[in-house]
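# Topology and contacts: notes
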Amino acid sequence: MEFIDATLSSLPLEIRLIIFAGFAVGMHLLVQVIRYSSTKFLSKESYRNQRKLQSITTLATSAVVFSLYFLAVGLILSELGVSLTAYLASASVI
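Remember, predicted model here, so these are calculated numbers, not experimental data. (Residues numbered from 1 in each chain as written. Predicted model: local features only at pLDDT ≥ 70, side-chain atom pairs only at ≥ 80, totals over all residues. Heavy atoms only, no water.)

### Focus on the side chain of Arg16
What counts here: A run of DSSP states H or I qualifies as a helix once it reaches four residues; a run of E qualifies as a strand once it reaches two. Both are numbered from the N-terminal end. Accessibility here uses a 1.4 Å probe with only protein chains present; expressed as a share of the type maximum, an area under 20% marks a residue as buried, one over 50% as exposed, and anything in between as partly exposed. Any two residues having at least one pair of non-hydrogen atoms within 4.5 Å are treated as being in contact.
Among the structural elements, Arg16 can be located in helix α2 (residues 13-42). For Arg16, a relative accessible area of 17% translates into the label buried. Setting aside its immediate chain neighbours within four residues, Arg16 contacts Leu8, Ser9, Leu11 and Glu79.

Next comes the structure, spelled out in structure tokens:
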């Protein structure tokens, strides 16, 4: 972890922002693959169980997507000099 932190801190700000944005886009694509796979899997289940599992899968996937984007925005804001304490405090209010 220290190696990654040292490597990222030695890069220019623009490159770090591009890396964080790329990470967020990559995670979003991964979530889309998970959603597609779960839809294919759920189509094989019975109708009653499918609706329950589909609701749980949708909720879990949405929570993961929100967390990833929240983390990415927090990392980008910290690179721009915004205090993470203020960012997390405003998020806890919401």
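### Concerning the packing of aromatic side chains
To be explicit about the condition: Whether two aromatic rings pair depends on their centres lying within 6.5 Å, for rings of Phe, Tyr and Trp, where Trp uses its six-membered ring; planes under 30 degrees apart make the pair stacked, over 60 edge-to-face, and the rest tilted.
A full pass over the atoms with the stated rule returns two aromatic pairs. Note on Phe66 and Phe70: the rings are 5.9 Å apart at their centroids and 25° apart in plane angle, and the pair reads as stacked. Of this pair, Phe66 and Phe70 both sit in helix α3 (residues 47-79), four residues apart, which is roughly one turn of the helix. Residue class for Phe66 comes out exposed when judged on its relative accessible area of 58%. Owing to a relative accessible area of 26%, Phe70 belongs among the partly exposed residues under this scheme. Through a chain of ring-to-ring contacts, three or more aromatic side chains come together here, namely Phe66, Phe70 and Tyr87.

### What about the environment of Gln32?
On the secondary structure map, Gln32 appears in helix α2. According to the relative accessible area criterion, Gln32 is partly exposed, its value standing at 33%. A C-alpha to C-alpha distance of 9.5 Å links Gln32 and Val65, two positions 33 residues apart in sequence.

### Some words on the environment of Leu84
Assignment of secondary structure puts Leu84 in helix α4 (residues 84-93). Leu84 sits ten residues away from Gly74 along the chain, and the two C-alpha atoms are 6.8 Å apart. Residues in contact with Leu84, not counting those within four places in the same chain, are Gly74 and Ser78.

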